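Spelled out from the first residue to the last, the chains are:
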Amino acid sequence: MKRNIFVVALEDHQRQELETLRHSDVFNVHSLLSVKTAVESERFSFDALLDEARRKLKAFDGSIDAIVAQWDFPTSVMVPILCREYDIPSPTAESVLKCEHKYWSRLEQRKVIPEVVPEFCGVDPFSEDPLSQVTLDYPFWIKPVKAFSSHLGFKIENDEQFHEAIKEIREGIRQLGDPFNEALGHVELPTEIQEMDGNSCIVEQIVSGVQGAPEGTVYRGEFNVHGIISQPKAEGSEALFDRLEYPSNLPETLHHKMVEVSKKFLEHIGYDNGCFNVEFMWDEEKDQLWLIEVNTRISQSHSEIFIMVDGMSNHEVAVDIALGERPSLVNRQGEFPVAAKSWIPYKHEDGIVRRVPSEEEIQELKRRYPGTMVRLDVEPGDRLGELMHQDNFSYRLGTLYIAGEDHDQIEERYKACLEELKFEIEPMQ
């Protein structure tokens, strides 16, 4: 009898990715909640979403053998709660929330890996004088303790910018902060986190450099890394990075340091029977490694590039753990030595999309550069300012997957593809 695997917010193209898994013929894959419900809802209740998932699982006529998370909050917190109810291996909700809550995570990081933790402090944006709570000098970042991407994240250089940012944060923070508070209600919180709930902010030291991210698993206390991603930044780009490249071409000594730090922190918070990817920033000039954030799941953003290089989606390890089996991933069995997932950026100016690349133009690009895939996120008539989950630096018009013989070729093909993908955006008057 086939086992049943539920993936929260499974996209259509991911069904093909899951066919690359070793034993895909012996299980059935089901989507638990839609992408629109679990990922794209502008307003939602965490507890209502959790109850909806419970109802769907209860109504399922068959065994429930695995539940897999591949998205950030609310999925990342909802899945451990559901797994506990169905006796499926999973991290505890508390260990997940110690990563999801940016301020709580920094407090825990500082206990065991202080050398990689930027300066930080907590701020209540609804207090009478939020600026009085800031202990850092300008410039610094301010952002909610839980947010999508860089939404409501601001670089602050003076008092005026701080007060403007607080105004915007007050208007928008509850959209995610309120449901995050519902999630926090499922665990016992220390006093300092009770006082810094989901509608609070963290102020952090600005760090710079190139990003890298080990991705791996912890299974019955056994820590393992199956891949390291590098995240180079194009010259002149304001965003932290504009593409993900696999495998990483950062120095091996840095790889070892990132892995060592990740292991030490995850052991400290008691994280077990789960997947992770940990984002770091390396200041090469000062040889200083900074920890940016810890994600408690595989990254579905990495799945395609794992397939291109290793021949198998990273969903493999998530499914293994959920089924109570030791996770493993094949290595370098794919078609290409190097692969990248890249954004198709557009300046942060609102406008109406009038033209997107045609199917013929995309097919020509794929013919010219083997391994290239294009996924558009916009169509004619869309307004950029209404797109969901955008950051404060640029809009993303779509995703570009690129393959190559080495990292230099990836860079060349990325620039060439951006030149050849023709969009027309009419500025707002």
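This report concerns the structure included in the present document. Just so it is clear, the model here is predicted, and its values are computed rather than measured.

## Comments concerning the side chain of S299
Tracing the backbone shows S299 in the loop between β12 (288–295) and α11 (303–310). Judged by its relative accessible area of 7%, S299 is buried. Each residue touching S299, except ones within four places of it in the same chain, is listed here: E215, N277 and N314.

## Topic: the sheet that holds strand β1 (residues 3–8)
Remark on secondary structure: sheet strands pair via backbone hydrogen bonds, oriented parallel or antiparallel. The parallel open sheet is built from three strands, whose spatial order is β2-β1-β3. This sheet does not close on itself; its edge strands, each paired only once, are β2 (27–32) and β3 (66–68). If you compare each strand with its neighbour and ignore which way they point, the axes differ by 25° on average. Bridge count between β1 and β2: six bridges; the pairing is parallel. Counted as the bridge partner of R3 is F27 from β2. Strands β1, β2 and β3 of the sheet are contacted by helix α4 (residues 75–85), whose axis makes an angle of about 165° with β3.

## Thoughts on the sheet that holds strand β7 (residues 201–205)
Ordered in space as β4-β7-β5-β6, the four strands form an open sheet in which the pairing is antiparallel. Strands at the two margins of the open sheet, each flanked by one partner only, are β4 (120–123) and β6 (154–156). Adjacent strand axes in the sheet meet at a mean angle of 25°, parallel and antiparallel pairs treated alike. Bridge count for β4 against β7 is four bridges, and the pairing is antiparallel. By the bridge assignment, G122 is partnered in β7 with I202. Across the sheet, helix α6 (residues 102–112) touches β4, β5 (140–144) and β7, and the angle it forms with β4 is around 145°. Strand contacts of helix α7 (residues 159–172): β5, β6 and β7, with the helix running at about 155° to β6, the strand carrying the most contacts.

## Some points on the packing of helix α5 (residues 93–100) against α6
Geometrically, a packed helix pair is captured by the angle between its two axes and the distance between the axes. Direction vectors running N to C along α5 and α6 enclose 95°, while the axes themselves pass 5 Å from each other. With respect to each other, α5 and α6 are oriented roughly perpendicular. Each of E94, L97, K98, C99 and E100 in α5 lies in contact with α6, whose residues at this interface are K102, W104, S105 and E108. Within the contact of α5 with α6, the residues separate by chemical class into three nonpolar, one polar and five charged.

## A few points about the pattern of salt bridges
As enumerated under the stated definition, the model contains 27 salt bridges in all. The closest approach of N and O atoms between R375 and E304, which form a salt bridge, is 3.0 Å. Of this pair, R375 sits in strand β15 (residues 373–376) while E304 sits in helix α11; the two residues are 71 residues apart in sequence, bridging distant segments of the chain. Between D350 and R383 there is a salt bridge, with the nearest N and O atoms lying 2.7 Å from each other. Note that D350 is positioned in the loop between β13 (338–347) and β14 (351–355) and R383 in the loop between β15 and β16 (394–404), a separation of 33 residues in sequence. Take R383: its relative accessible area is 32%, and that puts it in the partly exposed class. Through salt bridges with shared partners, one network takes in R243, E245, E411 and K415.

## What to know about the nonpolar core
Among the nonpolar cores identified, the biggest contains 98 residues, and L32, I67, M78 and L266 are the most heavily contacted of them. Setting aside chain neighbours within four positions, we find I67 in contact with F6, L32, L57, V79, L82, C83, Y86, I88 and A322. In terms of nonpolar packing, the next biggest core, distinct from the first, is built from 24 residues, A340, I344, V378 and L400 among them.

Basis of the calculations
Residues numbered from 1 in each chain as written. Predicted model: local features only at pLDDT ≥ 70, side-chain atom pairs only at ≥ 80, totals over all residues. Heavy atoms only, no water. Helix = DSSP H or I, 4+ residues; strand = E, 2+ residues; numbered from the N terminus. Buried < 20%, exposed > 50% of the residue type's maximum accessible area, 1.4 Å probe, protein only. Contact = heavy atoms within 4.5 Å. Pairing = 2+ DSSP bridges. Axes fitted to C-alpha atoms, helices over the stretch in contact; angles between N-to-C directions. Parallel < 35°, antiparallel > 145°, perpendicular 65-115°, else oblique. Nonpolar A, V, L, I, M, F, W, Y, C, P; charged D, E, K, R; others polar. Salt bridge = Lys/Arg side-chain N within 4 Å of Asp/Glu carboxyl O. Core = buried A, V, L, I, M, F, W, Y, C linked by side-chain atoms within 4.5 Å.

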